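Here is what each chain is made of, one letter per residue.
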Amino acid sequence: MSTITGEVGAGSGTGAQAQAPAPARPATATTGSTQSPARRPRPATRHVLQGALAMSVLGASTAVSAHLTRYPVLGGQALRYTLAAAVFAVIVRRGGPPRPRPTAREWLQLTLLSATGLVLFNVFVLAALQHTDAATLGSVVACSPLVLALAGPLVTKGGHGHRLRKGPAIGAAGLVVAGSAMVQGFGPGSAAGIVFAVLTLACEALFSLLAVPLLPKFGELRVSAYVTVIAVPTLLVASLATDGTAMLRVPTLTETAALLYLALPLTVGAFLLWYRSLNGLGPQRAGLLIGTVPVAACAASAALGVGTPGIAQLAGVAVVVAGIVVGLAKS
C-alpha cells in the first residue's frame, strides 16, 4: 500500500511539480535535450507493468469470487466498496497536494463512470450469468481491447503520444481478443445472456473511456476515490431492494477473506494501478493489457486447484502475449 500511495503522490501531475521553482536551473534547461529520450522508456515500462499487474489482480479475483457464491451479491459489492471508500478517504487525506473540486459537469461524468463501470457492471454480470455460463461471458467481455482500440481516439487529445495508428491498434487488439477467447472458451448461452454479456462489455469499456478526460485534472487517486464513494449508496439501495434485510449477513471466515481481497488489492490497489497505466499509455495501448485478465484467471484457477489449463488455453496465452507485445512495439 505504501508503494502505491507514494507513487500516486509522485505522479499526479499538478502536485509536487507545481510547487518547485521553475527557474531553478536556467542554464541546463536548454541543454537537456539528451535527457528526454533517456527518460521516456522508463515511465512507459512502468505504466505497462502497472496495467498488467492491475489486470492480473482482476483476473485472479475470479477464483477468489468463487468463494462468495452463497453471499448476497449486491450486498457483498456494497460492503466491498464501503471498505475501499474508507481506505481511499484515509489515503486522500494523507497523500498528495490538494486538487480542484469537480465542476457540476465533472460530477456528472464521475457519477456516470461509477454507475456504469462499477454498479451496472455488477448488475449485468449477475444477469448474464443467469442466462449463460461464465466462459461465454468472459469471452464477450474479453473484447474490451478491441472496443478501446476503436473508441480510444474519441476520448484522447492529440499530441500526447497516446494514440496508435488505427491498423496496428486494431490488429494487436484482435490478437489479444482471439487469444483471450481461446483461454476462456465459449459455452452455450441464450440470446438474453449474450445481450447482458454485451452490456457488461460496454460497462467494462466505459470504466476506462469515461475516466480518460478526468485523470489529467484529478489524478488516479481521486478519480478512484470519487467513483468508489458514489457507488456505495447506489449498491446499498439496490441490495436492499433485491435481498431485503439479508443483504449484509455476517460472512464466514472464507467469505471475509474474499471480500477483503476484492476491497483492498482489487478495488484500492488495481484501481490505482489501472488508472495510472491508463493515464500514461492511453486507452488503446492500455487496453491491450486487459488480455492479462483471462491469463491470470487461468493461472489462479490452476494454483488454487480449481482447474487445469489445457493445450488450447496455453496456446491462447501465447496469442495474448503476442498481441500485447506487437501492439506495444508498434506504439
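The residue numbers shown here count from 1 along each chain, following its written sequence. Side-chain atom pairs in this predicted model are given and counted only at pLDDT of 80 or more, local residue features only at pLDDT of at least 70, and totals for whole chains, interfaces and linings cover all residues. Each side-chain value is derived from all of the structure's non-hydrogen atoms; neither hydrogens nor water enter the calculation.

(A) Inspection of helix α16 (residues 311-330) at higher detail. Per the convention used, a helix needs a DSSP run of H or I reaching at least four residues, while a strand needs a run of E reaching at least two, with both numbered from the N terminus. One less than the number of residues in a helix, times 1.5 Å, gives the span that helix is expected to have. In this model, α16 (20 residues) spans 29 Å end to end at C-alpha, consistent with the 28 Å of a helix rising 1.5 Å per residue. When α16 is considered as a whole, its buried residues turn out to be Gly316, Val320, Gly323, Ile324 and Gly327. All buried residues of α16 fall inside an arc of 95° around its axis, so they share one side. Counted as exposed and oriented over 90 degrees from the buried face of α16: Ile311, Leu314, Val325 and Ala329. Buried, partly exposed and exposed residues are distinguished by accessible area as a fraction of the type maximum, computed with a 1.4 Å probe on protein chains only: under 20%, between the cut-offs, and over 50%, respectively. Note that the arc is computed from the directions linking the helix axis to the C-beta atoms.

(B) Local environment of the pattern of salt bridges. Basic side-chain nitrogens of Lys or Arg form a salt bridge, by our definition, when they fall within 4 Å of a carboxyl oxygen of Asp or Glu. Scanning the entire structure with this criterion turns up three salt bridges. The residue Glu106 makes a salt bridge to Lys217 at a minimum N-O spacing of 3.0 Å. One end of the pair, Glu106, is in helix α7 (residues 104-129); the other, Lys217, is in helix α12 (residues 215-243), and 111 residues separate them in sequence. Where Glu220 meets Arg276, a salt bridge forms, and the shortest distance between an N and an O atom there is 3.9 Å. Taken together, the residues Glu220 in helix α12 and Arg276 in helix α13 (residues 253-281) connect sequence positions 56 residues apart. Judged by relative accessible area, which is 1%, Glu220 ranks as buried.

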